[in-house]
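Given next are the chains, with one letter for each unit.
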Amino acid sequence: MFSKILIANRGEIAVRIIKTCRRMGIATVVVYSEADADSLAVEMADESVLIGPAPAAQSYLVADKIVDAVRQTGAEAVHPGFGFLSENAGFARRLAEEGIVFIGPNPHAIEAMGDKIESKKFAARANVSVVPGHVGEIDDTAHAIHISEEIGYPVMIKASAGGGGKGIRVAWNRRDVEEGFPAVKAEAKASFGDDRIFIEKFIESPRHIEIQVLGDKHGNVVHLFERECSIQRRNQKVIEEAPSPLLDAETRAAMGAQAVALANAVQYDSAGTVEFVAGQDKSFFFLEMNTRLQVEHPVTELITGVDLVEQMIRSAYGEKLPFAQKDLKIDGWAVESRIYAEDPYRGFLPSIGRLVRYEPPTECEAAGAKVRNDAGVREGDEISMFYDPMISKLSTWSKTREGAIDAMGMALEDFHIEGLGQNIPFLAAVMDQERFRSGKLSTNYIKDEFPEGFWGAAPTPFQRDLMAAVACAMHRTITRRAAPELMRDDWVVIENGDKRLVRVTNGEALNVEFLGEGRTLTLSGIDWRPGRPVFRGVLDGRPFAAQVEPLPEGFRVRHRAASAKVLVLTPRTAELHERLPPKQAADTSKMVLSPMPGLVVTLDVAVGQLVRTGEAVAVIEAMKMQNIIRAERDGTVKAVNAKAGDSVAADEVLVEFA
């Protein structure tokens, strides 16, 4: 077995690979950019090598620097993780020429299947049904428009070397192609160092189902069943699960056989994923093959018990697969939620910054469920604008799908992050939706269920009770410490403006009586003290965790996707509170604000120019994604406060109208 492996990646996947290498007794080397000098991966690795500035094009994408680091450290093999150089056949071939083992498929397989254009040509020659599209290279925007109109809208504009949701746009008309084609080319060049683009028909209301394959260098290939990856936003997977709630045994076997046949045809010898677009009628079409480890591999590991990173290493070393297809079985159900540094209340825009607090749920196995959290960060780390906005991948397992979803809901309750926007409330909202729990999924799910964006969820009756009880318990604890002479039993609780009379008394637990409603709840197992951001307890027999924050007046309490400002007042104070005038929001109607922190790529208006509603005003780049900022009203430009190349903060004024 290898004695030392170099990991040509960063973040959570670098940490993930290190963990398996440690278990196998293999020393590790991590390369890092200047932005990652203090990262968890660097701390955990046995050795680390600086390879350049923060931009990936100057560090993680430079093959010469990776090879130099291998030579410097004496590593025998390179694991590329996912993204960066993981699907670059030239890099794999370069390593082979240097006598360095590439922990991934052979260069021929990468060329045949890893390149999105070539894979479709290969599949067509192999009589595999593929989505209609143009599989040749595209010269320019005019050519892209011509192709799109031949195929028929809507179409998907996609980077050939793409992955991770980067370099993808759906175009519904000519204007979308005019704007989207250059944006995709720019994203592809920045993220993958390859700006080739292809266009295919966009199938509406499909499901995204992928088959995990695994091969060795002795001609053996197996599949490890499927993952459902239909919950996507901007073509970026958000929630994955294994197996798929759509498939029956017959369809699963058919998809698995087709995936194995494709892998065998290119002598595939590592972990890879064959992706399909599936109809609700269980029809399916080959979409592409990712010739690398997938981000969502933990759910497959949880239902099969197979460590995919270990098997990649063993295959690269020349070992045979330790199992045949008949040995693999599905055990239970697993769900993964991607925790992103993005603000769901602002259109899911990137939210870079420092993790002032980072308290994930405890990884454990209890009560028939497992909790796993794959992360490359610690409290105090910075989420940089230069890389993906992923903070961690939270996975849960149980014997049933309902059990795995319930476990995920509880784990999300228990996950606390401060310092930047994050999508945990949104993920929790999906877990609670009846449509998701029923398994009626499609890649349009988020657009269908949240057409106006995400604004949280209205509290259920249980959550209203929970918020009132939590606020009363917090208020009682703080009052007892700070001013015990003010302790009393009768209070007025105001939740988002709704008034309720309560009586709070201590017994073996805290009893909260809602006067006038004829109900008394019992809050027990309280785990909270002032300064802690998570309140844990059991309300009438139901365990919960709530995110809590003291405010200048009252508390902010969030349970899953529901949030409320809760005041606990004396009757007289509550009476006076009603007389306070409401605070007026600032008027920003004549301004175009940057919705996120990032880099100004272009600012396309000038003073005196007439701008119409919907016209592009600027392009802001963050997390390797280019975001088009449009005018929300007609107006004449009065001032332009930024220029191309400037770094801007969230809510910074870009343009002012007269």
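Residues numbered from 1 in each chain as written. Predicted model: local features only at pLDDT ≥ 70, side-chain atom pairs only at ≥ 80, totals over all residues. Heavy atoms only, no water.

Chemist: What exactly am I supposed to notice about the overall build of the protein here?
Modeler: Across its full length, the protein carries 17 helices and 40 strands. Relative to its length of 658 residues, the protein is compact, with a C-alpha radius of gyration of 27 Å against a globular reference of 26 Å. With 658 residues in all, the protein has 56% of them scored as buried. Of the roughly 26300 Å² of accessible surface on the protein, a fraction of 50% belongs to carbon and sulfur atoms. Considering the protein, the positive charge centre built from 77 side chains and the negative charge centre built from 94 side chains are found 2 Å apart. (Helix = DSSP H or I, 4+ residues; strand = E, 2+ residues; numbered from the N terminus. Rg over C-alpha atoms; globule rule 2.2 N^0.38 Å. Buried < 20%, exposed > 50% of the residue type's maximum accessible area, 1.4 Å probe, protein only. Areas by Shrake-Rupley, 256 points an atom, 1.4 Å probe, with all protein chains shown as cover. Lys, Arg positive; Asp, Glu negative; His and termini not counted. Charge placed at Lys NZ, Arg CZ, Asp CG, Glu CD.)

Chemist: Explain the environment of Gly99 here, please?
Modeler: Topologically, Gly99 is positioned in the loop between α4 (89–97) and β5 (101–102). Residues Gly99 and Ala77, 22 residues apart in the sequence, show an inter-C-alpha distance of 9.0 Å.

Chemist: Please clarify how the packing of aromatic side chains should be interpreted in this entry.
Modeler: Working definition: an aromatic ring pair is given by the centre-to-centre distance plus the angle between the planes. Within this structure, the stated rule accounts for 15 aromatic pairs. Geometrically, the ring pair formed by Phe91 and Phe102 is edge-to-face, given 6.1 Å between the ring centres and 85 degrees between the ring planes. In this pair, Phe91 sits in helix α4 while Phe102 sits in strand β5, placing the two residues 11 residues apart along the sequence. Judged by relative accessible area, Phe91 falls into the buried class, the value being 2%. The structure contains a cluster of three or more aromatic residues connected by ring pairs, namely Tyr345, Phe348, Phe426, Phe450 and Phe454. Here the guanidinium or amino end of Arg401 rests over the ring plane of Phe436, the centre of that ring lying 5.1 Å away. (Phe/Tyr/Trp six-rings, centres within 6.5 Å; stacked < 30°, edge-to-face > 60°. Lys NZ or Arg CZ within 6 Å of the ring centre and 35° of its normal.)

Chemist: Looking at this structure, I do not really get empty space enclosed by the protein. What am I missing?
Modeler: Which parts of space are left empty comes out when a probe the size of a water molecule is rolled across the atoms. Under the criterion given, the structure shown has one cavity of 30 Å³ or more. When its volume is computed, the largest cavity comes out at roughly 50 Å³. Lining the largest cavity we find Cys472, His475, Arg476, Thr479, Met487, Arg488, Trp491, Val504 and Val568. It is helix α16 (residues 461–482) that contributes the most residues to the lining of the largest cavity, four residues altogether. Of the residues contributing to the lining of the largest cavity, the split by class is five nonpolar, two polar and two charged. (1 Å grid on protein atoms, 1.4 Å probe; cavity = no way out; pocket = protein on both sides within 12 Å on 5 of 7 lines; lining within 4 Å. Points joined across faces, edges and corners; volume = space filled by probe spheres on them. Nonpolar A, V, L, I, M, F, W, Y, C, P; charged D, E, K, R; others polar.)

Chemist: Would you mind going over the side chain of Glu413 with me for this structure?
Modeler: Its location among the elements puts Glu413 in helix α12 (residues 401–413). A polar contact is formed between the side chain of Glu413 and the side chain of Arg560, at a distance of 2.8 Å. In contact with Glu413, other than residues within four places in its own chain, are Phe544, Ala545, Gln547, His559 and Arg560. (Polar contact = N/O pair within 3.5 Å; in protein donor to acceptor, adjacent residues only side chain to side chain. Contact = heavy atoms within 4.5 Å.)

Chemist: What is the right way to read the environment of Gly279 from this model?
Modeler: With respect to the secondary-structure elements, Gly279 resides in the loop between β13 (271–278) and β14 (284–290). Sequence separation of Gly279 and Glu204 is 75 residues, and the distance between their C-alpha atoms is 9.3 Å.

Chemist: I tried to follow the packing of helix α7 (residues 141–151) against helix α8 (residues 174–192) on my own but got confused; where do I start?
Modeler: Helices that pack against each other are described as a pair by the angle of their axes relative to one another and the distance between those axes. Two elements in contact, α7 and α8, have axes whose closest approach is 9 Å; the angle formed by their N-to-C orientations is 135 degrees. When the axis of α7 is compared with that of α8, the two are oblique. As for the relative orientation of α7 and α8, their crossing is right-handed in sense. Contact with α7, carried on its side by Thr141, Ala144, Ile145, Ser148 and Glu149, involves Arg174, Val177, Glu178, Phe181 and Pro182 of α8 and no other residues of that element. (Axes fitted to C-alpha atoms, helices over the stretch in contact; angles between N-to-C directions. Parallel < 35°, antiparallel > 145°, perpendicular 65-115°, else oblique. Left-handed = near helix turned anticlockwise from the far one by under 90°.)

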